[in-house]
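Geometric and topological summary
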Amino acid sequence: MKKILTSKTTLVLLLIIVFGFLIAQSVSYPQYHRMLGFQLNDIKEGKIRGIAKLEINNDNWFSYSGKELTCEIFYKEIQIASGSYPNSFKIKRKSQSPIELNVEFYLDSLKEELKTFLLKDSVELEIKMHGKFSFLRIPISKTLKAKISAIEMVNNMVSSMMGEGGLHLSKIQLKELTPQNSVFHVGFKFSNRLPVDIFLEKIQFAIFDDKEENKRLAEVQFDVNENIQVGQEKEINGDANLDNLKSVFSGVIKVITKELIYYISGTASIRLDNRQILIPISQAFRVDPATRQVIIIKPNE
């Protein structure tokens, strides 16, 4: 009787092992799918710190859960970045799930490879991931290959880097005021915060009567077509002619309430070799109708 029980127990264990092996063979690790965006936090000492919004693909029939995710990112066997996500996360089964990683890019690590990296259409990265997975929080390390669109990543990163102080409205003066038109002298400051030279083509923007950008009063384009070296600053100046007749009613209300506020929205067009990247512009200014003084409104005001 004991022999029969032992044989049954052995058979059950073998079946469990075989079943577990078959399941293990059918399990695949989550894979990088695409970058959804990049939010710049700061640039200090050759490091770009920010949040990379990634989309992860899980082809398995079950969901992954985990915490304390960290990773090192390599390009041509050189570590160019590290990332972490300390909170708990879940990657749903048979779907793509977003994860926001705190990342640091090491610009100095790329050195001579940096311009090549920025200008490639796609790059292959090696990602060494570490984390605690499943409800048992089992530590797992895995190396993944990820081919990413450099266009998406670079456009997001460059726009963030240049948008955070790299391009802003530096001055604006009221030159002429008639019932039909208002002429403003507008100045932008452009600072090349990238580690490579760039070509600034133009700055084009519109001026609106309202924050919702429904009443367009002017369309302006300043052609520049100049090479801007690393760390160089460039002042771009010109005139903007506003059509006051498009905002007669709202203009009267603004004069009465002494709230002559206008909104600028547009882009600066730059080139890295043959790649065009658009840097967003979004600012506002206030005009005192009594003194004709113009005040640039800070983003948080």
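The following paragraphs examine the structure supplied in this document.

About the thresholds
- Residues numbered from 1 in each chain as written.
- Predicted model: local features only at pLDDT ≥ 70, side-chain atom pairs only at ≥ 80, totals over all residues.
- Heavy atoms only, no water.
- Pairing = 2+ DSSP bridges.
- Helix = DSSP H or I, 4+ residues; strand = E, 2+ residues; numbered from the N terminus.
- Axes fitted to C-alpha atoms, helices over the stretch in contact; angles between N-to-C directions.
- Contact = heavy atoms within 4.5 Å.
- Core = buried A, V, L, I, M, F, W, Y, C linked by side-chain atoms within 4.5 Å.
- Buried < 20%, exposed > 50% of the residue type's maximum accessible area, 1.4 Å probe, protein only.
- Phe/Tyr/Trp six-rings, centres within 6.5 Å; stacked < 30°, edge-to-face > 60°.
- Lys NZ or Arg CZ within 6 Å of the ring centre and 35° of its normal.
- Salt bridge = Lys/Arg side-chain N within 4 Å of Asp/Glu carboxyl O.
- Polar contact = N/O pair within 3.5 Å; in protein donor to acceptor, adjacent residues only side chain to side chain.

1. Topic: the sheet that holds strand S11 (residues 198-208)
- With antiparallel pairing, five strands are arranged side by side in an open sheet as S12-S11-S14-S15-S16. Here the strands that pair on one side only, and so sit at the sheet edges, are strand S12 (216-228) and strand S16 (294-297). Looking at each pair of strands side by side, their axes are set apart by 25° on average, direction ignored.
- Relative to S12, S11 runs antiparallel, the two being bridged by 10 bridges. Across the sheet, residue Leu 200 finds its bridge partner in S12, namely Glu 226.

2. Describing the environment of Arg 216
- With respect to the helices and strands, Arg 216 occurs in strand S12.
- Through-space distance from the C-alpha of Arg 216 to that of Lys 246 is 7.9 Å; in sequence the pair is 30 residues apart.
- Not counting the four nearest positions on each side in its chain, Arg 216 is found in contact with Ala 206, Ile 207, Phe 208 and Lys 246.

3. Considering the nonpolar core
- If you look at the biggest cluster of nonpolar residues, it comprises 36 residues, and the most contacted ones within it are Phe 184, Val 186, Phe 188, Phe 205, Ile 207 and Phe 285.
- For this core, the secondary-structure elements that each account for two or more residues are strand S9 (167-177), strand S10 (181-191), S11, S12, strand S13 (233-243), strand S14 (260-272) and strand S15 (275-287).
- Among the nonpolar cores identified, the runner-up in size contains 26 residues, and Leu 54, Leu 69, Tyr 85 and Ile 91 belong to it.

4. Side note on the packing of aromatic side chains
- For the structure shown, the criterion picks out six aromatic pairs.
- With centroids separated by 5.3 Å and ring planes inclined at 65°, the aromatic side chains of Phe 184 and Phe 285 adopt a geometry described as edge-to-face. Of this pair, Phe 184 sits in strand S10 while Phe 285 sits in strand S15, and the two are 101 residues apart along the sequence.
- In this structure Phe 184 comes out as buried when scored by relative accessible area, which is 3%.
- Exposure remark for Phe 285: the relative accessible area of 0% places this residue in the buried category.
- Here the aromatic cluster, defined as three or more aromatic residues joined through ring pairs, consists of Phe 184, Tyr 262 and Phe 285.
- Directly above the aromatic system of Phe 74 lies the positively charged group of Lys 128, at a separation of 4.9 Å from the ring centroid.

5. Some points on the pairing of strand S4 (residues 78-85)
- Judged from the seven bridges that link them, strand S3 (residues 64-75) and S4 form a sheet pairing that is antiparallel. Counted as the bridge partner of Thr 70 is Ser 84 from S4.
- A loop of two residues connects S3 with S4, the two strands running antiparallel in sequence, and Lys 76 in this loop sits at a positive phi of about 55°.
- Where S4 meets strand S6 (residues 95-106), four bridges bridge the pair, whose relative direction is antiparallel. Across the sheet, Gly 83 pairs through a bridge with Val 103, a residue of S6.

6. A word on the pattern of salt bridges
- According to the stated counting rule, one finds six salt bridges in the structure shown.
- Notably, a salt bridge pairs Asp 239 with Lys 175, separated by 2.8 Å at the nearest N-O pair. Of this pair, Asp 239 sits in strand S13 while Lys 175 is found in strand S9, placing the two residues 64 residues apart along the sequence.

7. Some thoughts on the side chain of Glu 201
- Position of Glu 201 relative to the elements: it lies in strand S11.
- For Glu 201, a relative accessible area of 16% gives the class buried.
- In this structure the side chain of Glu 201 is engaged in a polar contact, spanning 2.8 Å, whose partner is the side chain of Arg 271.
- The contact partners of Glu 201, leaving out residues within four places of it in the chain, are Asp 223, Val 224, Asn 225, Ser 269, Arg 271 and Gln 276.

8. Brief notes about the sheet that holds S9
- Spatially, three strands are ordered S9-S10-S13 in an open sheet, and the strand pairing comes out antiparallel. Each of the sheet's edge strands pairs with one partner strand only, and the pair in question is S9 and S13. The mean inter-strand angle of the sheet, taken between neighbouring strand axes irrespective of direction, is 20°.
- With nine bridges connecting them, S9 and S10 associate as antiparallel partners. Following the sheet pairing, Ile 172 is matched in S10 by Val 186.

9. Things to note about the side chain of Ser 269
- With respect to the helices, strands and loops of the structure, Ser 269 is situated in strand S14.
- Since its relative accessible area comes to 3%, Ser 269 is described here as buried.
- Polar contacts involving the side chain of Ser 269 include one to the side chain of Glu 201, which spans 2.6 Å.
- Residues contacting Ser 269, with those up to four places away along its chain left out, are Phe 199, Leu 200, Glu 201, Lys 202, Gln 276, Ile 277 and Leu 278.

10. Considering unusual backbone geometry
- Phi angles above zero are rare outside glycine, and Lys 76 is one such case at about 55°.
- Structurally, Lys 76 can be placed in the loop between S3 and S4.
- For Lys 76, a relative accessible area of 48% puts it in the partly exposed group.

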